Amino acid sequence: MGRHRSAVWEGQTVRAYITGHGSIARRHADNLLALAPDAEILLQHTDRPLSGALSRASIVRSATDAIEQGIDAAIVASATAAHPTALMPLVQAGVPMYVEKPVVADRESLDFLSASIAEHAYDAPTIVGCNLRFLPSLQALRSDLISGRIGRVVRGLFEAGQWLPDWRPDRDYRTGYSAHADQGGGVILDLVHEIDAARWLLGEFQTVTSDFGHRSSLDLHSEDTAGILMSRPSGPLAIISLDYVSRRPVRRYSIVGEEGTLVWSLQEKSLALHSPAGVEHIDLPDGSYDVSSTYVVAMSEFLKAVHDHKQTSQPLSEGIRSMDLALRSKGL
């Protein structure tokens, strides 16, 4: 983490409010203190034991309480269904926010959030937790697309899946939010990374169709399999295939152009160009497939944006656009 350490808050103390007490909240809190060691953390009330950076937090009952005590930023990392309770007062108060994905869990909340942003002219620095945009190997893929390396792009296939019981082995998968649609679970919202990546790599889409459902023997109250097709006139198709069932984790993107195909695989740590001349494996620096580092980079960019009163490269508006597509794919 040392190479990402930012000195922008040197000699100053950033005061951050955090919602959530699970693994992603702990990760963000740990990264916050690694980048700003003198940071003060206010944590939403919990009866759960706390560890890591969260154990040194001061406890408050709500976002409103935190705002009244004075905060420089907020990290919204609670269960998705609980996001609106924190987001609305933070928007009204103009607090900079790091918001975990997905931004919200339903259409009503998304529309209300968008309306609140407009009503309060909210323009504080924000960042959304679709952190794969910060992965160097995917940034290399995007650079190749922008440069025209594979010519006119006609389609992209975005695959992601993992056996849900293996995802968080320290807890019963049936009790987690992923298993419950009313808590923001299901592969479409849970794996919104792929919808966001399709937008980031291929541009905006107008039409969304899908088929999804609970097709495995897993004990779920949410969809475990989904196929999504997104398109726009005269533009590339994006085919997104998601599941909670793949017994070996997969995250693989194939982008097809008139002059070649770029294939990226996180598990294989590979980026390759397939063309009439053969297959060219693209060498990238060490760490180009290290997802854990992307959380540090994202937090560093957010803290700098808060300090400089500037917007990040992945503001809340980006998360809202990706969330709109995800909800439309569910018919919402």
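Residues numbered from 1 in each chain as written. Predicted model: local features only at pLDDT ≥ 70, side-chain atom pairs only at ≥ 80, totals over all residues. Heavy atoms only, no water.

1. Details of the sheet that holds strand 3 (residues 58-60)
- The 6 strands lie next to each other as 3-2-1-4-5-6, forming an open sheet whose pairing is parallel. Lying at the two open borders of the sheet, with one neighbouring strand each, are strand 3 and strand 6 (126-128). The sheet shows a mean angle of 20° between the axes of neighbouring strands, taken without regard to direction.
- Examined bridge by bridge, strand 1 (residues 15-19) and strand 4 (residues 73-76) share 4 bridges and lie parallel to one another. Note that in strand 4 the partner of tyrosine 17 across the bridge is alanine 74. (Pairing = 2+ DSSP bridges. Helix = DSSP H or I, 4+ residues; strand = E, 2+ residues; numbered from the N terminus. Axes fitted to C-alpha atoms, helices over the stretch in contact; angles between N-to-C directions.)

2. Looking at the packing of aromatic side chains
- Within this structure, the stated rule accounts for 4 aromatic pairs.
- Ring geometry for tyrosine 98 against phenylalanine 302: centres 5.9 Å apart, planes inclined by 80°, an arrangement best described as edge-to-face. Taken together, the positions of tyrosine 98 in strand 5 (residues 97-99) and phenylalanine 302 in helix 9 (residues 291-308) put the pair 204 residues apart, joining distant regions of the chain.
- Tyrosine 98 sits in the buried class, given a relative accessible area of 1%.
- Of the residues examined, phenylalanine 302 reaches a relative accessible area of 1% and is grouped as buried. (Phe/Tyr/Trp six-rings, centres within 6.5 Å; stacked < 30°, edge-to-face > 60°. Buried < 20%, exposed > 50% of the residue type's maximum accessible area, 1.4 Å probe, protein only.)

3. Looking at the nonpolar core
- Core analysis: the largest hydrophobic core is formed by 76 residues, its most contacted members being Leu90, Met97, Phe158 and Met230.
- Residues contacting leucine 90, with those up to four places away along its chain left out, are Tyr17, Ala63, Ile67, Ile71, Ala74, Val76, Val95, Met97 and Tyr122.
- Within the second largest apolar cluster, 27 residues are counted, among which are Val14, Ile127, Ala298 and Leu303. (Core = buried A, V, L, I, M, F, W, Y, C linked by side-chain atoms within 4.5 Å. Contact = heavy atoms within 4.5 Å.)

4. Some remarks on unusual backbone geometry
- The step from lysine 101 to proline 102 runs through a cis peptide bond, and the omega angle for that step is -15°.
- One non-glycine residue, histidine 309, adopts positive backbone phi at about 55°.
- In this structure, histidine 309 sits in the loop between helix 9 and helix 10 (316-329).
- By relative accessible area, histidine 309 is classed as exposed at 68%.

5. Observations regarding the side chain of arginine 133
- By the element assignment, arginine 133 lies in the loop between strand 6 and helix 5 (136-146).
- Residue classification places arginine 133 among the buried positions, given a relative accessible area of 8%.
- Beyond its immediate chain neighbours, meaning those up to four positions away, arginine 133 contacts Gln139, Asp196, Arg199, Trp200, Ser313, Gln314 and Glu318.

6. Observations concerning the sheet that holds strand 10 (residues 237-243)
- The sheet built from 8 strands is open, its strands ordered 8-9-10-7-11-12-13-14 with mixed pairing. Of all strands in the sheet, those bounded by a partner on one side alone are strand 8 (207-213) and strand 14 (278-281). Sheet twist, expressed as the mean angle between neighbouring strand axes with direction ignored, is 15°.
- In terms of strand pairing, strand 7 (residues 153-161) meets strand 10 through 7 bridges, oriented parallel. The residue of strand 10 that forms the bridge with arginine 155 is leucine 237.
- Contacting strand 7, strand 9 (225-231), strand 10 and strand 11 (250-257), helix 8 (residues 192-202) crosses the sheet at an angle of about 160° to strand 7.

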